[in-house]
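The chain contents come next:
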Amino acid sequence: MKTGVIILHGFTGGSFEVRPFVQYLKDKTDWMIEIPVLPGHEPGGRLAEITAEAWLMEAELAYRRLSKQTDRIFVVGFSMGGLIALYLALRYPVERLVLLSAAARYISPRLLLADAAILLSEPVVRHFPPNTFYHLYRYKLANTPIRSAYQFTRIIQQIEPYYSRITVPVCIVQGKQDSIVPYSSAHLLYHSLGSSTKQLIFSDNGKHHICYSDDCAEWFEKVLEFMCREDEQQTCLG
């Protein structure tokens, strides 16, 4: 069985936000992985001109592309990407969901900037490839258009009424030190989603950028076990 994984980044962010987890999956599996860049988040993108619908459509297009090449699809979403992952699960067959710091509560761009300052400082920055656009990320965080923040809240408003209709097996990962997405966000999703199979993982030291937490190796393993639970031999290499 050929497995595909869509990994969705967060508001004003990019693929680097989830890069450590992506590399972990590449090392441990033979899955096809797609990380779509949401409109307005590409280098030079005009974020202020983009609507919530454009972000949702880009995720849908990624799903349709990957579904043509695979037998089943897992969806992983970080922060705002977690909400978009839930949107995909409402509209398309999704085998499993993984929600990382999923922003079921409102994000303050100012708090996001403060948390990103840690992410973008040494020694974390040295792990980014030379061509990364983390400097653009810093700029976007400092200059987040109010209209874009509003589009983010529109996604919350569109998805929240339908939490109970989502029945896909779901794994929720939340950092206890996250100053951007409230600790209660993970509990809200856990109790609101209609899934019968749920797993809630807390990172004691994790901040919002959970893939860079000190204990990420521990929860990476737990998430992969969740994703591989039913037929490990077919989907995982080691």
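Anything mentioned here points back to the structure above.
Residues numbered from 1 in each chain as written. Predicted model: local features only at pLDDT ≥ 70, side-chain atom pairs only at ≥ 80, totals over all residues. Heavy atoms only, no water.

Draft legend 1. Layout of helix α3 (residues 80-91). The first and last C-alpha atoms of α3 sit 17 Å apart over twelve residues, in line with the 16 Å expected at 1.5 Å per residue. Listed as buried for α3 are Met80, Gly81, Gly82, Leu83, Ile84, Ala85, Leu86, Tyr87, Leu88 and Ala89. For α3, the secondary structure elements touched by its buried residues are β1 (3-8), α2 (52-67), β3 (72-78), β4 (96-100), α6 (146-159) and α7 (183-192). (Helix = DSSP H or I, 4+ residues; strand = E, 2+ residues; numbered from the N terminus. Expected span 1.5 Å × (residues − 1). Buried < 20%, exposed > 50% of the residue type's maximum accessible area, 1.4 Å probe, protein only. Contact = heavy atoms within 4.5 Å.)

Draft legend 2. Representation of the side chain of Gln174 within the structure. Assignment of secondary structure puts Gln174 in strand β5 (residues 170-175). Residue class for Gln174 comes out buried when judged on its relative accessible area of 1%. Within polar-contact distance, the side chain of Gln174 engages the side chain of Asp178 at 3.2 Å. Those residues in contact with Gln174, other than ones at most four positions away along the chain, are Ser101, Ala102, Val181, Pro182, Ala186, Ile201, Phe202, Ser203 and Ile210. (Polar contact = N/O pair within 3.5 Å; in protein donor to acceptor, adjacent residues only side chain to side chain.)

Draft legend 3. Highlighting the nonpolar core. Core analysis: the biggest nonpolar cluster contains 43 residues, and Leu86 and Leu97 have the highest contact counts within it. For this core, the secondary structure elements donating two or more residues are β1, α2, β3, α3, β4, α6, β5 and α7. With eight residues, α3 is the single largest residue contributor to this core. Dropping the residues within four chain positions of it, Leu97 is found in contact with Val75, Ala85, Leu86, Ala89, Ile166, Val168, Pro169, Val170, Cys171 and Phe226. Ranked by size, the runner-up nonpolar core spans 26 residues in total, among them Ile7, Val18, Val173 and Ile201. (Core = buried A, V, L, I, M, F, W, Y, C linked by side-chain atoms within 4.5 Å.)

Draft legend 4. Region of the structure containing α2. Taking 1.5 Å of rise per residue, the 16 residues of α2 would be expected to cover 22 Å, and the 23 Å separating its terminal C-alpha atoms lies within 8% of that figure. For α2, the set of buried residues is Ala52, Trp55, Leu56, Ala59, Glu60, Ala62, Tyr63 and Leu66. Buried residues along α2 cover an arc of 155° about the axis, so they all sit on one side. Taken together, the buried residues of α2 touch β1, β2 (32-34), β3, α3 and α6. (Arc of directions from axis to C-beta.)

Purely geometric stuff here, so don't read any function into it on its own.
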